[in-house]
Amino acid sequence: MASLTPLQRRGLWIVGGVVLAAVLLAGGLALRSPQVHAVQLQPAPLVRTLQFSARVATLSRVDVGSTIIGRVAQVLVTEGAQVRKGDALLRLESDELAAAVTQAVAAERQAAARLAGLRSTWRASAGAALAQADATLRAAQAELTGVEQLVAQGFVSGSRLDDARRAVDVAQAQQANARAQTQANAEAGTDLVQAQAQLALAQAATQSARARLAQAVVLAPADAKVLAREVEPGQIVQPGKPLLSLALAGPTQLLAQVDERFLDQLQAGQ
């Protein structure tokens, strides 16, 4: 076998040293413990999520209807519409109600005219009648005095005195009647009080007729959303029957049907 040169032997030593270093490094790595990422565990409540269907609903709902009997002329809203307080929701036919208002107003004006007549023309007439009755009585009394003197002097018969006395009695009765009529036409008199009462009744009838006419329009009681519409034009409606269902504006809530299997897992405040 040929001998190695000094340069070749040196190369072999270098290669052997590298191989030996690699073997020692591999052995050292094999003897080391493996390194892994550590997580520190802590106790905590277990959170579980339940899924179910729900719907959003308002806290307050109201059914709206008519307060009078009538035929629907117009329905002014649809389902889902937003309305403000005082908005018109539907209208009833109101020709008959408007005619009743006109009639009531005419009766009120007639009663007012009668009362005004009592306070002016009738009162003046009653005053004139009383003045005339007073004058007639004074004339009859003067006539009676004259006849009494003539009878005392023997110029006329006693029958003439009886006629003069009857004339005074008639004049006194006429005066009493005229005075009673004047008192009746005074502010506290019976005729005037009756006329005032009739005027008050006529005014109340007018207010009632106008109120019924106003009820021919159904208004929204508050800001709301129309949920359901149960009325159409031409329909005859009656008091107490719901025509529109409204969800009043305000806080909302979730309404859900939860499976009974999960009820024991639910608590207030979750």
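The structure this text deals with has already been given above.
Just so you know, these numbers come straight off a predicted model, no measurement behind them.

Okay, the overall build of the chain next. Within the chain, the regular secondary structure consists of four helices and ten strands. Listing each helix as α and each strand as β along the chain from the N terminus yields α-β-β-β-β-β-α-α-α-β-β-β-β-β. Per-residue burial over the chain gives 21% buried out of 270 residues. Contacts spanning at least 24 positions in sequence make up 76% of the contacts within the chain whose residues lie at least 6 apart. Carbon and sulfur atoms provide 56% of the accessible area of the chain, an area that totals close to 19,400 Å².

Turning our eyes to something else, we now look at the sheet that holds strand S2 (residues 61-64). Read from one edge to the other, the open sheet built from four strands follows the order S2-S9-S7-S4, with strand pairing classed as antiparallel. Two strands in the sheet have a free side with no partner beyond their single neighbour: S2 and strand S4 (82-83). Bridge count for strand S7 (residues 224-229) against strand S9 (residues 244-248) is five bridges, and the pairing is antiparallel. The residue bridging Val 226 from the neighbouring strand is Leu 246, located in S9.

Let's shift gears to the pattern of salt bridges. Tallied over the entire structure, the rule returns three salt bridges. Of the charged contacts in the structure, one is a salt bridge between Glu 93 and Arg 71, with a shortest N-O distance of 3.8 Å. Residue Glu 93 is located in the loop between strand S5 (88-92) and helix H2 (95-153), and its partner Arg 71 is located in strand S3 (residues 70-75); the two are separated by 22 residues in the primary sequence. The class for Glu 93 is partly exposed, based on a relative accessible area of 47%. With a closest N to O distance of 2.8 Å, Glu 232 and Arg 229 form a salt bridge.

Here we take up the sheet that holds S3. Pairing within the open sheet is antiparallel, and its four strands lie in the order S6-S5-S3-S8. A single partner strand is all that each edge strand has here, and the edge strands are strand S6 (217-219) and strand S8 (236-237). Pairing of S3 with S8, which is carried by two bridges, proceeds in the antiparallel orientation. Opposite Gly 70, over in S8, you have Val 237 as the bridge partner.

This part takes up the environment of Ala 135. Here Ala 135 shows up in helix H2. Its relative accessible area of 34% is what places Ala 135 among the partly exposed residues. C-alpha separation for the pair Ala 135 and Gln 175, spaced 40 residues apart in sequence, amounts to 9.1 Å.

Structurally, Ser 66 can be placed in the loop between S2 and S3. Within the local environment of Ser 66, its side chain forms a polar contact with the backbone oxygen of Ile 68, the two atoms lying 2.7 Å apart. Setting aside anything within four residues of it in sequence, one finds Ser 66 in contact with Leu 92, Val 218, Val 237, Gln 238, Pro 239, Gly 240 and Leu 243.

A word on helix H4 (residues 190-214). Over its 25 residues, H4 extends 36 Å from the first C-alpha to the last, a length consistent with the 36 Å expected when each residue adds 1.5 Å. The set of residues buried in H4 consists of Leu 192, Ala 195, Leu 199, Ala 202, Thr 206 and Ala 209.

Within soluble globular proteins, side chains that are nonpolar tend to cluster in buried spots. Within the largest apolar cluster, 20 residues are counted, with the highest numbers of intra-cluster contacts made by Val 83, Leu 89, Leu 90, Leu 92 and Val 231. Mapped onto this core, the elements with two or more residues apiece are S3, S5, S7 and S9. In terms of residue count, the dominant contributor to this core is S5 (three residues). With residues near it in sequence (within four places) discarded, Leu 90 still touches Gln 74, Val 75, Leu 76, Ala 216, Val 217, Val 218, Val 231, Leu 243 and Leu 244.

Another aspect to go through is the environment of Thr 252. Along the chain, Thr 252 turns up in strand S10 (residues 252-256). Here the alpha-carbon distance between Thr 252 and Leu 59, two residues 193 residues apart in the chain, equals 5.8 Å. If we skip the residues at most four places from it in the chain, Thr 252 touches Val 56, Ala 57 and Thr 58.

As for its placement among the helices and strands, Leu 255 is situated in strand S10. You can call Leu 255 partly exposed: its relative accessible area is 35%. With 200 residues separating them along the chain, Leu 255 and Arg 55 place their C-alpha atoms 5.4 Å apart. Beyond its immediate sequence surroundings of up to four residues, Leu 255 is in contact with Ala 54, Arg 55 and Ala 57.

Criteria and thresholds
Residues numbered from 1 in each chain as written. Predicted model: local features only at pLDDT ≥ 70, side-chain atom pairs only at ≥ 80, totals over all residues. Heavy atoms only, no water. Helix = DSSP H or I, 4+ residues; strand = E, 2+ residues; numbered from the N terminus. Buried < 20%, exposed > 50% of the residue type's maximum accessible area, 1.4 Å probe, protein only. Contact = heavy atoms within 4.5 Å. Areas by Shrake-Rupley, 256 points an atom, 1.4 Å probe, with all protein chains shown as cover. Pairing = 2+ DSSP bridges. Salt bridge = Lys/Arg side-chain N within 4 Å of Asp/Glu carboxyl O. Polar contact = N/O pair within 3.5 Å; in protein donor to acceptor, adjacent residues only side chain to side chain. Expected span 1.5 Å × (residues − 1). Core = buried A, V, L, I, M, F, W, Y, C linked by side-chain atoms within 4.5 Å.

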